[in-house]
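Coordinate analysis (summary)
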Amino acid sequence: MEKKIAEKLIVNVNDIVVYPKMYHYMVNLLKQQEELENRKIIILCIGSDRYIGDALGPLVGSYLVEHTICTVYGSLEMPVHAGNLVKVIQNIKEQYHQPIIIAVDACLGKNNEIGNIEIWEGSLEAGIAVGNKLPCIGTISIIGVVNASGYLGYLDLQSTPLSIVMKLSKCIGKMLGDAVHSIQNQ
């Protein structure tokens with residue numbers, strides 16, 4: 001899959017209007033997808049609960065599994081991570097014809113970017129911060145900046161405050177659940 005980023009929404013989780021900005025942006029991105037009514041929307045939440053900072057994806061997935069009827073791959077109980085991502089992508093492609101995949105992952109950034117949520121049309125490349133070379137995935141991508149990037153990779157993810165990961169996961173999870181529900185009920 002090709003990584004295509006035309007424009008992206010960048011908001012901070014502490015912004016008072018973070019939810020409506022993300023919600024409207026996501027609904028518009030979904031409405032722009034060709035043959036939307038004939039394609040399955042899959043939410044692929046990437047990460048592992050082994051490192052606090054990397055648990056963003058599984059936390060979003062678990063939120064969605066508990067609170068919505070979205071089709072979700074990746075949760076705390078069944079994470080999608082570097083060890084099984086390729087197989088999960090193959091399974092999705094075998095099971096669904098041209099699905100719309102919304103990929104969600106944690107990201108390391110700069111100090112002033114912590115708490116940012118970025119949404120764009122196009123794929124993301126999971127595992128880059130820690131040196132993993134994994135396939136690009138996603139029709140639409142969402143990342144949450146959980147910590148500052150240093151030279152430590154996994155240690156940066158391990159030393160991430162749980163509070164920021166929880167705040168990001170609840171915000172992203174609620175928005176995704178509501179946006180997908182809205183699109184599916186039109």
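Residue numbers here run from 1 along each chain, matching the order of that chain's written sequence. For this predicted model, a pLDDT threshold of at least 70 governs which residues receive local features, and a threshold of 80 or more governs which side-chain atom pairs are given and counted, while totals over whole chains, interfaces and linings are taken from all residues. The basis for every side-chain value is the complete set of heavy atoms in the structure, and neither hydrogens nor water enter the calculation.

**A word on the packing of aromatic side chains**
Applied cut-off: Ring geometry is summarised as follows: Phe, Tyr and Trp rings, the Trp one being its six-membered ring, pair when their centres sit within 6.5 Å, and such pairs are stacked at plane angles under 30 degrees, edge-to-face over 60 and tilted between the two. For the purposes of this entry, the term helix denotes a DSSP run of H or I that reaches at least four residues, the term strand denotes a run of E that reaches at least two, and both are numbered from the N terminus. In our convention, an over-ring charge means Lys NZ or Arg CZ found within 6 Å of a ring centre and within 35 degrees of that ring's normal.
Within the structure shown, the criterion is met by one aromatic pair. Ring centres 5.9 Å apart and planes at 20° place the aromatic pair Tyr19 and Tyr23 in the stacked group. On the criterion of helical spacing, the pair formed by Tyr19 and Tyr23 is a turn pair, its members being four residues apart in helix H1 (residues 18-31). For Lys8, the ring lying beneath its charged end belongs to Trp120, and the centroid distance is 4.7 Å.

**As for the sheet that holds strand S3 (residues 71-73)**
Definition in use: Paired strands, in this sense, are two strands between which DSSP finds at least two bridges. Lines fitted to C-alpha atoms define the axes here, with helix axes fitted over just the stretch in contact, and angles between the N-to-C directions of these axes take values from 0 to 180 degrees.
Read from one edge to the other, the open sheet built from six strands follows the order S1-S5-S8-S4-S2-S3, with strand pairing classed as mixed. Taken across any chain shown, the strands that pair with only one partner, and hence form the sheet edges, are strand S1 (8-12) and S3. Between one strand axis and the next, the sheet turns by 20° as a mean value, whatever way the strands run. With five bridges joining them, strand S2 (residues 41-45) and strand S4 (residues 100-109) adopt parallel strand pairing. Residue pairing for S4: Ile41 is matched across the bridge by Ile100.

In short, the description is geometric, and any link to function would need to be established separately.
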